[in-house]
Amino acid sequence: MNSLAKRGVDLMMAGRGRIAAIAVLLVFVLLQASVGEALFSGPRLALFDAYERLVPRVRKSGPVVIVAIDEASLAAYGQWPWPRQRVAELVHRILGGHPMSLGIDIIWPEFDASSPARWAAQQHGLTPALHRALLELPDHDAELAATLAQGPVTIGIAGQRDDRPDHPGPLAPTRLIGGAPRGLPDFRSTLRSLPILDFAAAGHGMLSIDLDADGMVRRVPSVSLLGGRIAPGFSIEALRLAARSPWLTIRLNGGEMRGIELGPLSIPTQADGRIWVDFTGTDERRFVSAGDVLSGRLPADVFDQRLVLIGVTGLGLIDHFNTPLGVMPGVEVHAQVMENVLDGRYASRPDWALWAEEAITLGLGLLMIVGLPPLRLRWQALAATGLLIAPCAAGIAGWAYERWLIDVATPVVADAAVFVALLGGGLAEADRQRKLLRSALEKQKLLAATMEGELAAAFRIQMGILPKAEDLLPDPRFNLEAQIVPAKHVGGDLYDFFKIDDDHLFILIGDVSGKGVPASLFMAVGKALCKSCALREEFDIGEIILRANTEISRDNTEMLFITLFAGILDLRTGSLSFCNAGHDPPFLAVPGQPPRQMASIGGPPLCVMDDFPYMSEEYQLAPGEILCLVTDGVTEAMNSAGDLMGHERVEAAFVQQPVDGDARSLAHLLRGAVAAFVDGAPPSDDLTLLAVQWIGV
Amino acid sequence: MEVLETQFGGSIVLSPSGRIDLTNAEAFKAILLRLVGVARSALILDLSEVDYISSAGLRSVMIASKAGKPNGVTVGIAAMRPVVREIFAISRFDLVFPCFESTRDALAKLAPDALEAFGSA
């Protein structure tokens, strides 16, 4: 075994070029993993374009019909923009053909100046009779609005990055499942149609199309943020109406989008919500002319159960885009997205794409480094060429069969560089690279070790500042038990107890919202503040909490809060003066009686309202009565079925307390009951309890 | 956790469902903070489908409520189930946020202008 390893090392190191080649390979692998997305985007996108051109999508069915306002329509019906009355007629005729959904790739932000009343207002020299007659004619915008409301019509909206005021128009309700999306296109305000039109349409979709740095359309956002609200893309919204889905469902995993669901339609997306469009070239068969629709020259069933889009194509190339398969109108890009969805076949960059690409780079690179040097130069070149062609073939096959966008260009470039390094040798350069990498690795190890040390230190400090029951001097008037079990190493629970003077015992239990180092630090600060207030303020517990709340609210940048129960027990009389800031009320157990929870008025947790008037309240303990304070790690302990422990189970545990039991035995009973209930399920929260028995005089 | 966000007039109704706890409190906070930036008068949390909310979830609501205040946006709580109602009662967060029996009540009190849009939905 040993000699085998030694031979391996010898093989790796033999030949000067190998060291340089390994360095080049490592650099490429690291780059690819870290900044590859940006660094290699040029060759990568060129490769993806080549995929699309080599094996373009075949248009199977024609579920989408585009009604084009083309040159012929403009020639027949006059210049654009048309009076809205004419658009209304077009929409009316299309809806009469029973489409599943109609998307209009147009926004009408201004009113129609050719409406009769508006037109008349701008003319001089009209006879009063003609003026009156004009005023009686219907308003074009109102007519269009009435038509839009007649069917499943989606109109366009667009995002604007400037700070123009935004009117809050309607958008599809959105259902987010599994988190909050990140990295969506984010626009500050919205360009919308006139409110009368905007509110008449059932659907509103974003027309904005994302361009890559080279001006090419490859992906479209399925959803965007418009002034903070989630807005669907135009094609998605038109599909939503076709699917008759009352809302847009967005499925996420953490901040990464998995896909969109519209009723029965499920549309996978990239993590940033975009969809890679699987294009065909522009295709005449998708289009009918708006002029033919208006003149009634089309067969009656052309729109029946189809998805129809209206778009302007006849204004030169204004609304045209570059795609990997040539120039096409924007409305055709939307149509292609809808075809992708309805065919259920998507171009995608799978989640594992980066790993596959890394594996190809690394695998081929190592193969070259190990396998090539023993060969003669001629054979080396031939073998290298073969090794570099193989991933290209795999990439094309992945695209052709699965529509996977796997970037084999980066591995090929990287491994070509590895080959060059193998040939060239560059020993000094290789040494430098190796040192560089080693020092980076050392630094990382050091950092990890330090971090671990700091966490361990935080844990020790946290545990160190909590008092232990054994440290109290024995007092025949009471006994006490306190325990804390952090769920993660550094938790947010706290307790405290100390004697203010011979006859007064201060007790406190609390729970900081949140976990980890910030919660733990906050807990330490909160506890110290309560203690110093208690030692200053004599015995008014309400005043102590009030002071602590003001102090601690002041520097609360993390917006954490503490639920807390604090009290001062007069050991002479058993009278407890207490204050409850949003904490679970303490359990009370008198030997031989059913347990119950203490009633209190209380207030919200600390740091929630900095001016809340906390007040002291009083409770009289009976001799032998135990006051048991717990955090939600006890009451909300969860078993593997997801059930919570609950107050009833806590009280049930108390019933087994023997008549001569003390605080310690009760605490043990309770810990045992929690352990039995969760039955091995990992704790989700810190578990803390503090029990005090007042024995009496 | 799953949430449905719906706009009524200048107000937003957010209906989460399931458990809101440490595992999803950050995502919940991100959604709430985005929406208090969007709402004009009120952000109503319709909790009728929420089984449980932990202190981390309450903290998300508190942060959103504080973020909304300077812009005049009130965060209201509506339609709590008994378990969640008890959590709000024990933690006394019912003193901090306005709580209502139903989303309609919440809108009527906090955003009367949105009531018409709500009624027609």
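Here is a short report on the structure shown in this document. (Residues numbered from 1 in each chain as written. Chains lettered and ligands numbered in written order. Predicted model: local features only at pLDDT ≥ 70, side-chain atom pairs only at ≥ 80, totals over all residues.)

When you go through chain B residue by residue, the secondary structure sums to five helices and six strands. Helices (α) and strands (β) of chain B occur, in sequence order from the N terminus, as β-β-α-β-β-α-β-α-β-α-α. Taking all 121 residues of chain B together, the buried fraction comes to 57%. Sequence-distant contacts, at least 24 apart, represent 72% of the contacts inside chain B between residues at least 6 apart. (Helix = DSSP H or I, 4+ residues; strand = E, 2+ residues; numbered from the N terminus. Buried ≥ 20, exposed ≤ 12 C-beta atoms within 10 Å, placed from the backbone. Contact = placed C-beta atoms within 7 Å.)

As a further point, take the packing of helix 21 (residues 646–655) of chain A against helix 22 (residues 663–678) of chain A. Residues and elements named next belong to chain A. Two numbers describe how helix 21 lies on helix 22: the axes approach to 9 Å, and their chain directions differ by 130 degrees. Between helix 21 and helix 22, the angle is such that the two are oblique. The element helix 21 and its partner helix 22 pack so that their crossing is right-handed. Along its contact with helix 21, which presents R649, V650, A653 and F654, the element helix 22 presents L666, L669, L670, A673 and F677. Across the contact of helix 21 with helix 22, the residue classes tally to eight nonpolar, no polar and one charged. (Axes fitted to C-alpha atoms, helices over the stretch in contact; angles between N-to-C directions. Parallel < 35°, antiparallel > 145°, perpendicular 65-115°, else oblique. Left-handed = near helix turned anticlockwise from the far one by under 90°. Nonpolar A, V, L, I, M, F, W, Y, C, P; charged D, E, K, R; others polar.)

What follows deals with the environment of S55 of chain B. The residue S55 of chain B is located in helix 2 (residues 55–68) in this model. Owing to 29 C-beta atoms within 10 Å, S55 of chain B belongs among the buried residues under this scheme. Between the alpha carbons of S55 of chain B and F88 of chain B there is a distance of 9.9 Å; along the sequence they are 33 residues apart. Excluding its chain neighbours within four sequence positions, the residues that come into contact with S55 of chain B are D511, S513 and T563 of chain A.

Residue and element names in this part refer to chain A. Tracing the chain through its elements places L298 in the loop between helix 12 (290–295) and strand 16 (307–312). Sequence separation between L298 and V288 is ten residues, and the spatial gap between their C-alpha atoms is 8.6 Å. Other than its neighbours up to four places away in sequence, L298 contacts V288, D292 and V293.

All names here are of chain A. Where strand 12 (residues 256–262) and strand 13 (residues 265–268) come together, four bridges link them in antiparallel fashion. Its bridge partner being in strand 13, I260 is matched across the sheet by I267. Hairpin connection from strand 12 to strand 13: two residues lie between these consecutive antiparallel strands, with G263 at a positive phi of about 50 degrees. (Pairing = 2+ DSSP bridges.)

Moving on, we get to the sheet that holds strand 26 (residues 617–620) of chain A. Residues and elements named next belong to chain A. Taken in spatial order, the five strands make up an open sheet running 20-21-22-23-26, and their pairing is antiparallel. Two strands in the sheet have a free side with no partner beyond their single neighbour: strand 20 (493–501) and strand 26. Adjacent strand axes in the sheet meet at a mean angle of 20 degrees when their direction is disregarded. The pairing of strand 21 (residues 504–512) with strand 22 (residues 562–570) spans nine bridges and is classified as antiparallel. Among the inter-strand pairings, H504 is bridged to a residue of strand 22, identified as D570. Packing of helix 19 (residues 541–554) onto the sheet brings it into contact with strand 22 and strand 23 (575–581), and relative to strand 23 it is tilted by some 25 degrees.

Residue and element names in this part refer to chain A. With 26 residues, helix 15 (residues 377–402) extends 38 Å between its outermost C-alpha atoms, agreeing within 8% with the 38 Å of an ideal straight helix rising 1.5 Å per residue. Buried within helix 15 are the following residues: A384, L387, P391, G395 and W399. In the core, the buried residues of helix 15 are packed alongside helix 4 (41–54), helix 14 (353–371) and helix 16 (409–424). Count one or two residues on from helix 15 and you reach R403, which has phi positive near 60 degrees. (Expected span 1.5 Å × (residues − 1).)

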